Amino acid sequence: MTDHDAATMRIALALAQDAAAAGEAPIGALVLDPADGRIVAAAVNAPIALADPTAHAEVLALRAAAKTLGNYRLTGLTLFVTLEPCAMCAGAISHARIGRLVFGAEDSKGGAVVHGARVFDQPTCHWRPEVVGGVLAAESAALLQNFFRARRIRSRATRLQPLEDLPPSIERLCAEARAEGFGFLDRLVDEWRDGTRQYDQPGEHLLGVFAGDELIAIGGLCRDPYAAGSAGRLRRLYVSPAARRQGVGQKLVKDLLTRGGSSFSSVMLRTDNPIAAAFYERLGFLRVDQDAATHVLQL
């Protein structure tokens, strides 16, 4: 793998995210001419949109490249795709005479390059490209896993409930937060287990949102240790990436505010994340310039 491979795969990953936003499996592909670095064609998975079971990202990219160049042979060109190609796509790659295949995550169930049929290793395969696998594999795999996990979550009823203890699935939520660079859920767990903060004082609440038995969101409201009077503080709110854009975080915050309304006259919070800030502002929080708070909501 070269630095250029990684940079180009990031373009394919951005395409895959576009596919996910359209409700398609998040797979992106592009055909590149290594002679000048030009992207000849790019495509995303689109079997649903096109009502075409063959409309995989690789096939669509190959078709577009062939049309652009006026030649069904794409000899010497490089195909980038975020997931190991299936048998159909591997066959198309061979027929197109692609010179080099670069893919992201391996696919142990549907892949046919290093798994399953291993199309390019068969004696009946008349053209074998150079194969480079595993380029930004973790990012590609995470994109796919989150997409299908979000689909599963949407298919299940969610429930919001007070937490009297931390469920085992808090560990997965902590791992997801850690992967995004957030350590505050680990601090929540540590504080809970050492008794520093268990949200058991008047007006305090720790709520979880579950899909089946899986914890997909958590958030707490406690008395604000930095403010005098009857101010509360929103703390440790986190929604699994797979459960976002489904109203889960909004429901969680509104329920916390409703429960705390009889105990607190205002609720403070602090965030340095612009996306989180925009989320809270949509819920009515106002920006403040304080050492211990960036936002406040009057109840």
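Each remark here, short or long, concerns the structure printed above.
Below: a short report on this structure. These numbers were taken from a predicted model, which means no experiment stands behind them. (Residues numbered from 1 in each chain as written. Predicted model: local features only at pLDDT ≥ 70, side-chain atom pairs only at ≥ 80, totals over all residues. Heavy atoms only, no water.)

**Digging into the overall build of the protein**
In plain terms, the rule: Numbering of helices and strands runs from the N terminus, with a helix taken as a DSSP run of H or I at least four residues long and a strand as a DSSP run of E at least two residues long. Here the radius of gyration uses the C-alpha set of atoms, whereas the globule reference equals 2.2 Å times the residue count to the power 0.38. Only heavy atoms enter the contact rule, under which two residues are in contact if any of them lie within 4.5 Å.
A tally of helices and strands in the protein yields 9 helices and 12 strands. The C-alpha atoms of the protein give a radius of gyration of 24 Å, which is well past the 19 Å a tight globule of 299 residues would have. With the C-alpha coordinates aligned to their principal axes, the bounding extent of the protein is approximately 75 × 35 × 35 Å. When contacts within the protein are restricted to residue pairs at least 6 apart in sequence, those whose partners lie at least 24 apart make up 60%.

**Quick notes on helix α5 (residues 137-155)**
Stated precisely, the cut-off is as follows: In this scheme, a helix's expected span is set at 1.5 Å multiplied by one less than its residue total. Classification of residues uses two cut-offs on accessible area relative to the type maximum, computed with a 1.4 Å probe and protein chains only: under 20% is buried, over 50% is exposed, and between them is partly exposed.
Between its first and last C-alpha, α5 extends 27 Å over 19 residues, near the 27 Å set by a 1.5 Å rise per residue. Of all the positions in α5, only S140, L143, L144, F147, R149, A150 and I153 are classed as buried.

**Looking at the sheet that holds strand β1 (residues 28-33)**
Threshold: Being paired, for any two strands, means DSSP has found at least two bridges between them. Orientation is described by lines fitted to C-alpha atoms, with helices fitted over the stretch in contact, and by angles between N-to-C directions that extend from 0 to 180 degrees.
Taken in spatial order, the 5 strands of this open sheet run β2-β1-β3-β4-β5, and their pairing is mixed. Each having just a single partner strand, β2 (38-44) and β5 (130-132) make up the two edges of the open sheet. Pairs of neighbouring strands in the sheet enclose a mean axial angle of 15°, with direction left out of account. Against the sheet, helix α1 (residues 3-21) contacts β1, β2, β3 (78-83) and β4 (100-105), and its axis sits at roughly 140° relative to β1.

**Some words on the pairing of β2**
Where β1 meets β2, 6 bridges bridge the pair, whose relative direction is antiparallel. Of the residues in β2, the one forming a bridge with A29 is A43. Linking β1 back to β2 in an antiparallel pair, the connection comprises 4 residues, with G37 at a positive phi of about 75°.

**With respect to the packing of aromatic side chains**
The condition that has to hold: A pair of aromatic rings is counted whenever rings of Phe, Tyr or Trp (Trp by its six-membered ring) have centres within 6.5 Å, and the orientation is called stacked for planes under 30 degrees apart, edge-to-face for over 60 and tilted otherwise.
Under the defined criterion, the tally for this structure stands at 6 aromatic pairs. Ring centres 5.0 Å apart and planes at 85° place the aromatic pair F147 and F148 in the edge-to-face group. Three or more aromatic residues joined by ring pairs make a cluster, and in this case those are F182, F184 and Y238.

**Things to note about the pattern of salt bridges**
Basically, it comes down to this: Think of a salt bridge as a Lys or Arg side-chain nitrogen and an Asp or Glu carboxyl oxygen that are within 4 Å of each other.
On inspection of all chains with the given rule, the structure shows 16 salt bridges. Notably, a salt bridge pairs D52 with R63, separated by 3.8 Å at the nearest N-O pair. Here the residue D52 occupies a position in the loop between α2 (47-50) and α3 (57-69), and R63 occupies one in helix α3, the gap between them amounting to 11 residues. The partly exposed category is assigned to R63, whose relative accessible area is 44%.

**Considerations on the environment of A277**
Assignment of secondary structure puts A277 in helix α9 (residues 274-282). In the structure, A277 is positioned 202 residues away from T75 in sequence and 50 Å away in space, judged by C-alpha atoms.

**Focus: the state of the cysteines**
Joining two cysteines, a disulfide is a covalent bond between their sulfur atoms. Stated formally: Disulfide assignment relies on a single distance test, namely cysteine sulfur atoms paired within 2.5 Å.
Within this structure, the stated rule accounts for 0 disulfides. C86 provides the cysteine sulfur closest to C89, a residue in no disulfide bond, and the two sulfurs are 3.7 Å apart. Of all cysteine sulfurs in the structure, the one in C174 sits closest to C222, which takes part in no disulfide; the separation is 17 Å. Judged by relative accessible area, which is 0%, C222 ranks as buried.

**Notes on the sheet that holds strand β8 (residues 214-223)**
The 7 strands are arranged β6-β7-β8-β9-β10-β12-β11 in an open sheet whose pairing can be described as mixed. At either end of the open sheet lies a strand with only one pairing partner, and these are β6 (158-162) and β11 (286-287).

**Things to note about the packing of helix α6 (residues 170-179) against helix α7 (residues 184-194)**
In plain terms, the rule: Roughly parallel refers to an angle under 35 degrees, roughly antiparallel to one over 145, roughly perpendicular to one between 65 and 115, and oblique to any angle outside these ranges. Charged residues are taken to be Asp, Glu, Lys and Arg, nonpolar residues to be Ala, Val, Leu, Ile, Met, Phe, Trp, Tyr, Cys and Pro, and polar residues to be all remaining types, Gly included.
The geometry of α6 relative to α7 is characterised by a closest axis approach of 8 Å and an angle of 140° between their N-to-C directions. Classified by the angle their axes make, α6 and α7 are oblique. Residues I170, E171, L173, C174, A177 and R178 of α6 touch α7, and the partners they reach there are L185, D186, V189 and R193. Grouping the amino acids of the contact of α6 with α7 by side-chain chemistry returns 6 nonpolar, no polar and 4 charged.

**As for the side chain of H295**
In this fold, H295 is placed in strand β12 (residues 295-298). H295 gets classed as buried once you look at its relative accessible area, which sits at 1%.

**Describing α7**
Our working definition: The reported arc concerns the directions from the helix axis to the C-beta atoms and nothing else.
Along α7, the residues classified as buried are F184, L185, L188, V189, E191 and W192. Each buried residue of α7 sits inside an arc of 165° when the element is viewed along its axis, so together they form one side. Relative to its buried face, α7 has exposed residues pointing more than 90 degrees away, namely R193 and D194. Packing partners of the buried residues in α7 comprise α6, β7 (205-211), β8 and β9 (231-239). G195 sits one or two positions beyond α7 and adopts a positive phi of about 80°.

**Digging into unusual backbone geometry**
For Y199, which is not glycine, the phi dihedral falls at a positive 55°. Within the secondary structure, Y199 is located in the loop between α7 and β7.

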